[in-house]
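# Fold and contact review
Given next are the chains, with one letter for each unit.
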Amino acid sequence: MPAGGGESWRADWRADAACVGENLEVFFPLGDQATHHALSNQAKEICARCPVMATCRAWALRTSPEFGIFGGLTAHERRLVREGRWSGQGPRRASRTDAA
Ligand code: SF4
C-alpha cells in the first residue's frame, strides 16, 4: 500500500491490501501525460482487486492525501467525490491505447 498517510493508515486493514509488494511507483505516477495515465491505470487495476478498497477509499476521502491513488481514485477524482461531482465510475480499466 502506498505510504504517506497518518495514524489511520496503520490500522489493521492494511495487512490485506492488494498493493502490498506491488511497485508503489504506479500509485504516485510521474512523467508525461501518457505515462501518468498508464501508471494510474495500473494502480487502479490493483485497487480493483483489493479486498479492502472500500475501507481505503473511505480513509482517503476522510484524510485527503494530496497525492497518490488510494481506493482506486486519483487525488482529482477524490476531490470530485468530496464535491459531489463524481460520476460514480469505478476503477478504470486500461484501454488498448494505454498499454504503450
Ligand atoms: S485500494 Fe488500492 S491503494 Fe488502497 S489498500 Fe487497496 S490496493 Fe492499496
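Residues numbered from 1 in each chain as written. Predicted model: local features only at pLDDT ≥ 70, side-chain atom pairs only at ≥ 80, totals over all residues. Heavy atoms only, no water.

In the nomenclature of an unreviewed UniProt entry, the protein is known as Transcriptional regulator WhiB of Microlunatus sagamiharensis. Looking at the protein in UniProt, the text filed under Subcellular location (unreviewed entry) is "Cytoplasm". (UniProt positions renumbered as here; feature names shortened; annotations may be inferred.)

### A word on the site of the ligand
With respect to spatial proximity, 12 residues lie near the ligand, and among them Ala-17, Cys-19, Cys-47, Cys-50 and Cys-56 are the closest. Mapped onto the shell around the ligand, the elements with two or more residues apiece are helix H1 (33-48) and helix H2 (53-63). Across the shell around the ligand, the residue classes break down as 11 nonpolar, 1 polar and no charged. (Near = heavy atom within 4 Å. Helix = DSSP H or I, 4+ residues; strand = E, 2+ residues; numbered from the N terminus. Nonpolar A, V, L, I, M, F, W, Y, C, P; charged D, E, K, R; others polar.)

### Details of the pattern of salt bridges
Counted by the stated rule, this structure contains 3 salt bridges. Across the salt bridge formed by Glu-22 and Arg-49, the nearest N and O atoms sit 2.7 Å from each other. Taken as a pair, Glu-22 in the segment before H1 and Arg-49 in the loop between H1 and H2 lie far apart in primary sequence, 27 residues in all. Of the charged contacts, one joins Arg-85 and Glu-83 as a salt bridge, the two residues approaching to 2.6 Å between their closest N and O atoms. For Glu-83, a relative accessible area of 47% corresponds to the partly exposed category. (Salt bridge = Lys/Arg side-chain N within 4 Å of Asp/Glu carboxyl O. Buried < 20%, exposed > 50% of the residue type's maximum accessible area, 1.4 Å probe, protein only.)

### Here we look at the side chain of Glu-77
Here Glu-77 lies in helix H3 (residues 75-82). With residues up to four places along the chain from it excluded, the contact list for Glu-77 reads Lys-44, Gly-72 and Trp-86. (Contact = heavy atoms within 4.5 Å.)

### Points about H2
The α-helix winds at 3.6 residues per turn, so residues separated by three or four positions along the chain end up facing the same way. Along H2, the residues that are buried comprise Cys-56, Arg-57, Trp-59 and Ala-60. Viewed along the axis of H2, the buried residues span an arc of 160°, placing them on a single side of the element. What points out from H2, more than 90 degrees from its buried face, is the exposed set Ala-54 and Arg-62. Looking at the packing, one finds that the buried side of H2 touches H3. Following H2 by one or two positions, Ser-64 adopts a phi angle in the positive range, close to 55°. (Arc of directions from axis to C-beta.)

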